[in-house]
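# Breakdown of the fold
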Amino acid sequence: MEKFEQIYQRASERKGGETALKRLLPKVRGARALGNTGDDRYLAEMTRCVFQAGFVWRVVNNKWDDFEDVFFGFPPEKIVMLSPDQIDRICQNPRIIRNRQKVLSIQHNARFLLDVAREHGGFGKFIGRWPAADLIGLFAYLKKFGSRLGGMTGQRVLRNMGKDTFVITADVGRCLQRAGLDISSNPVSKRELTLVQQAFNTWHEQSALPYSHISRICAYSLE
């Protein structure tokens, strides 16, 4: 497999040097910061990413203050108490994007968050303790127990909240293929995801860089 140093050099050259490249890398938060973040912020980001999936992100972002208001700040303990009639009214509210299935996912994810928080002392603590060497296990967990959190949606939630994680975008997939991995352009099978995780583990050992940075550098390395 291609050495990460070669990928790094290509990305650096494309972005105008190491200093310019470093300015483009995502922020990574430690386990303590993740653990100190309220469950409401995790539910909010899950909701934002779910609504952005397959939709125009700008529209979701422009409506986001209304989303926060309609869902009173996304406290999961209040979201789970919404009655079917209240959910119906929310689904018809023009202040948000009226996609019923996505609205229903919010209550499901609120229950998911509360279940995890009860067991681990907070959803952020659970996320913060999950080892980066098994991110695909965390992706699978979100997909299995959350609602509409499979694929890049769950990965983006983690990245946006500051978890040190790779995101398998199309460009990252192409970089991995170019590096020699036997994967499809959209790796989803357990075999392919295991290969992806192993590649990132290897590059992390070679570079000592966070997984988030390695992922972004991979995307920037393509011509």
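Above this text sits the structure in question.
What counts and what doesn't
- Counting from 1, residues in each chain are numbered in the order their sequence is written.
- Local features in a predicted model are, by the rule used here, given only for residues with pLDDT of at least 70; side-chain atom pairs are given and counted only at 80 or more, and totals for whole chains, interfaces and linings are based on all residues.
- To obtain the side-chain values, all non-hydrogen atoms of the structure were used and water was disregarded.
- Note on conventions: DSSP H or I runs of at least 4 residues are helices, E runs of at least 2 residues are strands, and numbering of each starts at the N terminus.
- In this description the radius of gyration comes from C-alpha coordinates, and the expected globular size is given by 2.2 Å times residues to the power 0.38.
- Any pair of residues with heavy atoms lying within 4.5 Å of one another is described as a contacting pair.
- For the charge count, each Lys or Arg is scored as positive and each Asp or Glu as negative, with His and the chain ends excluded.
- Lysine's charge is taken at NZ, arginine's at CZ, aspartate's at CG and glutamate's at CD.
- For the exposure calls, accessible area comes from a 1.4 Å probe over protein chains only, and a residue counts as buried if that area is under 20% of its type's maximum, exposed if over 50%, partly exposed in between.
- For this analysis, a salt bridge means a side-chain nitrogen from Lys or Arg found within 4 Å of a carboxyl oxygen belonging to Asp or Glu.
- Residues belong to a common nonpolar core when they are buried Ala, Val, Leu, Ile, Met, Phe, Trp, Tyr or Cys residues joined through side-chain atoms within 4.5 Å.
- Axes here refer to lines fitted to C-alpha atoms; in helices the fit is confined to the stretch in contact. Angles between the N-to-C directions go from 0 to 180 degrees.
- Throughout, the term roughly parallel applies to angles under 35 degrees, roughly antiparallel to angles over 145, roughly perpendicular to angles from 65 to 115, and oblique to all others.
- This arc describes the spread of directions from the helix axis toward the C-beta atoms.
- Stacked, edge-to-face and tilted are the three classes for Phe, Tyr and Trp ring pairs, Trp counted by its six-membered ring, which pair at centre distances within 6.5 Å; planes under 30 degrees apart are stacked, over 60 edge-to-face, the rest tilted.

## Examining the overall build of the protein
Looking only at helices and strands, the protein has 15 helices and zero strands in total. Computed over C-alpha atoms, the radius of gyration of the protein comes to 19 Å, within 12% of the 17 Å expected from 2.2 N^0.38 for 223 residues, which places it in the range of a compact globule. In the protein, the share of contacts with a sequence separation of at least 24, taken over all contacts with a separation of at least 6, comes to 67%. Of the charged side chains in the protein, 34 are positive and 23 negative; the average position of the first set lies 2 Å away from that of the second.

## Describing unusual backbone geometry
One non-glycine residue, Arg148, lies in positive phi territory at about 60°. The residue Ala208 is not glycine, and still its phi comes out positive at about 65°. Relative to the assigned elements, Ala208 resides in the loop between helix 14 (190–207) and helix 15 (211–220). What makes Ala208 exposed here is its relative accessible area of 62%.

## What to know about the pattern of salt bridges
Applying the stated criterion across every chain, the model contains 10 salt bridges. The closest approach of N and O atoms between Asp66 and Arg95, which form a salt bridge, is 3.0 Å. You can see Asp66 sitting in helix 6 (residues 64–70) and its partner Arg95 sitting in the loop between helix 8 (84–91) and helix 9 (100–120), a full 29 residues away along the chain. Assessed through its relative accessible area of 33%, Arg95 is described here as partly exposed. Here Asp88 ties to Arg100 by a salt bridge, and the two come within 2.8 Å at their closest N and O atoms. Note that Asp88 is positioned in helix 8 and Arg100 in helix 9, a separation of 12 residues in sequence. Take Asp88: its relative accessible area is 26%, and that puts it in the partly exposed class. Among the charged side chains, a network of salt bridges with common partners joins Asp40, Arg41 and Glu68.

## Quick notes on the nonpolar core
Counting residues in each nonpolar core, the largest one holds 66 residues, and the members touching the most others are Phe71, Phe123, Phe166 and Leu176. At seven residues, helix 4 (residues 39–52) tops the list of elements feeding residues into this core.

## Focus on the packing of helix 14 against helix 15
Running from N to C, helix 14 and helix 15 cross one another at 105°; their axes reach a closest spacing of 10 Å. Taken together, helix 14 and helix 15 sit at an angle that is classed as roughly perpendicular. Contacts between helix 14 and helix 15 involve Gln197, Phe200, Asn201, Trp203, His204 and Ser207 from the former and Tyr211, Ile214, Ser215 and Cys218 from the latter.

## Regarding helix 8
For helix 8, every residue scored as buried is listed here: Ile87, Ile90 and Cys91. Down the axis of helix 8, the buried side of the element spans an arc of 100°, and every buried residue falls inside it. Facing away from the buried side of helix 8 by more than 90 degrees, the exposed set consists of Asp85 and Arg89. Where the residues of helix 8 are buried, they touch helix 6 and helix 9.

## Thoughts on the packing of aromatic side chains
Counting across every chain of the model gives 18 aromatic pairs. Between Phe139 and Phe166, the aromatic rings sit 5.5 Å apart at their centres with planes inclined by 90°, giving edge-to-face as the arrangement. In this pair, Phe139 sits in helix 11 (residues 135–145) while Phe166 sits in the loop between helix 12 (151–161) and helix 13 (170–179), placing the two residues 27 residues apart along the sequence. Since its relative accessible area comes to 10%, Phe139 is described here as buried. Classification of Phe166 as buried rests on a relative accessible area of 0%. When the ring of Phe166 is compared with that of Phe200, the centres are 4.4 Å apart and the planes differ by 15°; the resulting orientation is stacked. Of this pair, Phe166 sits in the loop between helix 12 and helix 13 while Phe200 sits in helix 14, and the two are 34 residues apart along the sequence. Both residues of the pair, Phe166 and Phe200, count as buried.

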